[in-house]
Each structure stands twice: as C-alpha cells, then as structure tokens.
Amino acid sequence: MTETTGKVNLLGLTQPQLEQFFESIGEKRFRAGQVMKWIHHFGADDFDAMTNLGKALREKLKGCAEIRGPEIVSQDISSDGTRKWVVRVASGSCVETVYIPVDGRGTLCVSSQAGCSLDCSFCSTGKQGFNSDLTAAEIIGQVWIANKSFGTVPAKIDRAITNVVMMGMGEPLLNFDNVVAAMNIMMDDLGYGISKRKVTLSTSGVAPMIDELAKVIDVSLALSLHAPNDELRNQLVPINKKYPLAVVLDACKRYISGLGEKRVLTVEYTLLKDVNDQPEHAAQIIELLRNLPCKINLIPFNPFPHSGYERPSNNAIRRFQDLLHHGGFNVTVRTTRGEDIDAACGQLVGQVMDRTRRSERYIALRQLDDDGEQSPVASARP
C-alpha cells in the first residue's frame, strides 16, 4: 500500500485551492501560480528545484507539503506506439492509463476509480470489481506521469498529449469532485492548457450527475450507449435500470444545449456480434438519436477470456456504419490500438483489491465455463 505522509499533496490542488493553501501558511496567493507551473509545466516534485521561490519558503514547503504522483508499477509500449502505464494508488490497487497517438493527436485515457462500481457485461474492467475512488492527485497524476515521460516539459505547443478522455477504469461521475478538480487542472493554463473541447468525460449514464456537471464545468461529454432500447441496455449496462434511456438522453440534451459553440455529444457504441449489431438496432439508433446533436463512435468489441461475447466481422461493422451514415449521422469506427499490451478499449483491468466480491464471482463463472458447462455470462445474452 502507498505510504501516506500527512503532508498536503499539492499535485491535485486546483489554482484556487493552491491559493488558499498558501494563504493558510502565511504566504501570498501569487505563489500558487509559480508552484503550479513548476509542477505541471516542468514536472517538478522537488521544492529545491523551484528557483524563483526563496530558500525560507522552500524549507517551509518541505515541512508541510509534497508533490507525489501515483507509483509507476510498469510501462509498456505497443508496436503501434500506444503506451500503457500501470500505477499503484493509495488503496494499494493498481489502475491503468493509456496513451494513443493518432494522426498528429495524442489522446490520454485516464482512470477515475480503482475498478468500477458498475458492471457492464462486456467490459473486463467491470469484472475486476471495485475498490475505491481515486483522489484528484491520483487522477491528474496520470497526466503528470505521461507528460514527463515524453520529455515535453516545459509544456510546449507541440506537446505529445493534446486530448484527455476520462474513459479509463471507473465511472467518472461517481467520483464527481475529484474528477472535476483534475479536469480543471488539465484545462488551466498553469496546468496543461488543454482546450475544453479536448477534455472529454465519458459516462455510462448517471443522469443526475450530468446535470450537476453542467453547473461547474463545460468539458466535452461522451455517453456509453451500447444499446438502442431499454430492454437490451438493461442487460448490457445495468445502471440503465436506474436511469433509463429517456432520462439519460434528456440529461445529455440539457448538457449539450448549455455548451453552445456547435458542440455535440459523442455516443460510444461497442459492437457485439449478434447482440447489438443488426440492421434493426441501427434503425432504432437512428430514431433514438434523431433530435440529439451527436457523433457516433463505433467500437468493435475487444475480446477477453470468458466474456461470452464476440467481435463482429469487418463486413458487419461496415454495414452497421453505412446504415447510420445513411440515417444522417457522422459515424467513425474506432481502430483497435494497443491490443498487444492489453490497452484496447474495454481491456483495462489493473490489479483491484475488490471490495464487492464481483471478481470472485466472475472467476467462478470462468471455472464453470472451463469445465464445459455453459457460462451464465454467455447464456444471459439477448
């Protein structure tokens, strides 16, 4: 388990929070901007490196504060340039962060929880169960680690990380305050200076918190849809039983309408062979999203052991995409990246000290399947 020191970790503090911290120790508020630049522009974790701070202030900071990111357990680089970090957080669990370079962009996929409190049936992360929310320092710490690894400090216009998506392990809206704080640091010019259009929060559909999000920040929003009707979505994305499609989509419409600037919702849709990839499903999506400004991102399923699901054929994927195109939607198919290092969408698992016993139950299902009996996961498919 990661050691705690009792000192204030400055890594996860927003500019206003850092200003309050300096006031609390009898220092001027402007020191917050100086220290933020050292932390996020230069990747500093040593107060002695902060040469524009007086020696007395540096000594004071050593006594009451620290700059501590998550512990790096491993880093893997895929043959396609994708990178994956496994980092250990304070709970003792390990979470994963993935960097994906495509066409001059560098997208960092950041985790918000150790495991996930939801249990979407096709996602290997969910099968690991749930341990804890990540702190703001543990969330922004993933950006801090990745940014330093590219040698892009001090931050430059041509920096490697151009986009951040809260699409790693966890449901971001169930760790609301820490996620919002971290995203604010991502967008702050004293932090990483990433455009609000290029910071995206992805949710499975926690409708009330979408409305709360609109009150405090204007990042881009993505909805993990995965099914065009409530009956199927109840099976694939169980939180739909609490917040059905009509409720979730209304919340998304309210959020997007408040952004202006011709911004749209991103709809994520994982294609599962013979489950949600049929022409009738495409027709239902067209009707469901007809009045919602959005773009659709199709994600061919990335298999993992004993999931009970399969990836559709390339022909089936193209057919589905064409149907949605003809329905008037902007549709892309996500290219699978980092599969050789288990960094593809839906493959992030980490090492979660599960408090839910969900992983224990899933292992039992896998054993049943190995013994030649039909897995309940597979038999539950619609």
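Residues numbered from 1 in each chain as written. Predicted model: local features only at pLDDT ≥ 70, side-chain atom pairs only at ≥ 80, totals over all residues. Heavy atoms only, no water.

Within an unreviewed UniProt entry, the label attached to the chain reads Dual-specificity RNA methyltransferase RlmN, and the organism entered is Geopseudomonas guangdongensis. The UniProt entry for the chain carries this comment under Subcellular location (unreviewed entry): "Cytoplasm". In its Sequence similarities (unreviewed entry) section, the UniProt record describing the chain reads: "Belongs to the radical SAM superfamily. RlmN family." (UniProt positions renumbered as here; feature names shortened; annotations may be inferred.)

## Here's the deal with the UniProt feature "active site" (unreviewed entry) in the chain
Using the residue numbers shown here, the UniProt feature "active site" (unreviewed entry) corresponds to Glu 96 and Cys 345. By relative accessible area, which is 4% here, Glu 96 ends up buried. (Buried < 20%, exposed > 50% of the residue type's maximum accessible area, 1.4 Å probe, protein only.)

## Let's talk about the environment of Lys 262
Of note, Lys 262 is situated in the loop between helix H8 (245–259) and strand E12 (265–271). Overall, the relative accessible area of 82% leaves Lys 262 in the exposed class. It is 8.6 Å that separates the C-alpha atoms of Lys 262 and Pro 293, two residues lying 31 residues apart in sequence. (Helix = DSSP H or I, 4+ residues; strand = E, 2+ residues; numbered from the N terminus.)

## A word on helix H5 (residues 176–187)
Across its 12 residues, H5 extends 17 Å between first and last C-alpha, which sits within 8% of the 16 Å expected from 1.5 Å per residue. For H5, the tally of buried residues reaches 9 of 12 residues, placing the bulk of the element in the interior. Of all the positions in H5, only Phe 176, Val 179, Val 180, Ala 181, Ala 182, Met 183, Ile 185, Met 186 and Met 187 are classed as buried. As for H5, its buried residues are in contact with helix H2 (31–41), helix H4 (136–149), strand E9 (163–166), strand E10 (199–203) and helix H6 (207–216). (Expected span 1.5 Å × (residues − 1). Contact = heavy atoms within 4.5 Å.)

## Considering the side chain of Arg 233
On the secondary structure map, Arg 233 appears in helix H7 (residues 230–236). Here Ser 204 takes part through its backbone oxygen, which lies 2.7 Å from a polar atom of the side chain of Arg 233. (Polar contact = N/O pair within 3.5 Å; in protein donor to acceptor, adjacent residues only side chain to side chain.)

## A few points about the packing of aromatic side chains
Two measures describe an aromatic ring pair: the distance that separates the ring centres and the angle between the ring planes. With the rule as written, the count across this model stands at 6 aromatic pairs. On the basis of an interplanar angle of 75° and a centroid distance of 6.1 Å, the ring pair of Phe 301 and Tyr 309 is categorised as edge-to-face. With a relative accessible area of 8%, Tyr 309 lands in the buried category. (Phe/Tyr/Trp six-rings, centres within 6.5 Å; stacked < 30°, edge-to-face > 60°.)

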